[in-house]
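Residues per chain, in single letters:
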Amino acid sequence: MKTLLLATFVLLLVNVAFSQKWNVPNASDFPSINRGAAKIEQFVPRNWRIIARAAGDLNGDNLSDTVLVIKGQFRRFLYKDEYMTDFFDTNPRILLIIFKEKDGAFRLGESSNSFIIPRDNPSMSEPLQSVRIRKGVLILEFEEWYSAGTWYTALRTYTFKYLRDQFRLIGADKTSSMRNSGEVETRSYNFLTKRIRTTIGSYDEKIKPISSWRNFRVGSLKTFRTFPKAFEWEIEPDYFL
């Protein structure tokens, strides 16, 4: 009986938290970004801060470029009630890709107000896990994990390469699992070869993963302007990247 009452109380708290109305950023909450500057910090508007950063050559000119993820610092996007131990933060985020010029100055190469998603409710962990540059490609890693409401969790990695004057998605990986059953599935998409590798495994290391390859159909390579929000691209029926 005590266990049932405790579970009911926890469920009630979750329902109360999920029923709240959060302030969600709209177009007017995103500032104009400098197109060029002498210093990297000059691309960061007032009342915004850097939350992730990576450096490396992205456009093949042997100069070190910079990728920033910046987040607004506005109280209207912070929420906390008696059931929460920390603030739920829906402040807007912006992805900035900044090219270094030969004269030492910097130029904004690309920006996105939609690709770096915030948490969608208080039980969700921070989606953005890492930003890095490796061998001339940009890699962004996101986590989908909830402390309540579902056993499902997923880790997504998006790989962009600067091709024909735009950053284009050349690969994506998604590893999804069920924390209660231990089932694990990884799908690795190569948008250049149009091949996908699917690996079925388990948390149990005694169970050997099984992999298979197949072709898949895809249109033109996605860019930051044509890609839907992270987690919302239905690349296959009922399967979202």
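A brief report on the enclosed structure follows. (Residues numbered from 1 in each chain as written. Predicted model: local features only at pLDDT ≥ 70, side-chain atom pairs only at ≥ 80, totals over all residues. Heavy atoms only, no water.)

**Things to note about the sheet that holds strand E14 (residues 210–215)**
Alright, step 1. With antiparallel pairing, 7 strands are arranged side by side in an open sheet as E8-E9-E10-E11-E12-E13-E14. In this open sheet, the two strands that pair with only one neighbour each are strand E8 (128–134) and E14. The mean inter-strand angle of the sheet, taken between neighbouring strand axes irrespective of direction, is 15°. (Pairing = 2+ DSSP bridges. Helix = DSSP H or I, 4+ residues; strand = E, 2+ residues; numbered from the N terminus. Axes fitted to C-alpha atoms, helices over the stretch in contact; angles between N-to-C directions.)

**A look at the environment of Glu 126**
Alright, step 1. By the element assignment, Glu 126 lies in the loop between strand E7 (106–112) and E8.
Alright, step 2. Distance from Glu 126 to Thr 153, taken between C-alpha atoms, is 13 Å for residues 27 residues apart in sequence.
Alright, step 3. Excluding residues that lie within four positions of it along the chain, Glu 126 makes contacts with Arg 93, Arg 119 and Glu 143.
Alright, step 4. A polar contact of 3.0 Å, which involves the side chain of Glu 126, links it to the side chain of Arg 93.
Alright, step 5. A distance of 3.4 Å separates the side chain of Glu 126 from the backbone nitrogen of Leu 128, its partner in a polar contact. (Contact = heavy atoms within 4.5 Å. Polar contact = N/O pair within 3.5 Å; in protein donor to acceptor, adjacent residues only side chain to side chain.)

**A closer look at the sheet that holds strand E6 (residues 93–100)**
Sheet strands pair by backbone hydrogen bonding; their relative direction is either parallel or antiparallel.
Alright, step 1. If you trace the 5 strands from one edge of the open sheet to the other, you get E1-E7-E6-E3-E2, paired in antiparallel fashion. What marks the edges here is a single partner per strand, and that holds for strand E1 (36–37) and strand E2 (48–56).
Alright, step 2. Strand direction decides the pairing type here: E2 and strand E3 (residues 65–72), joined by 8 bridges, are antiparallel. Paired with Arg 49 across the strands is Lys 71, a residue of E3.

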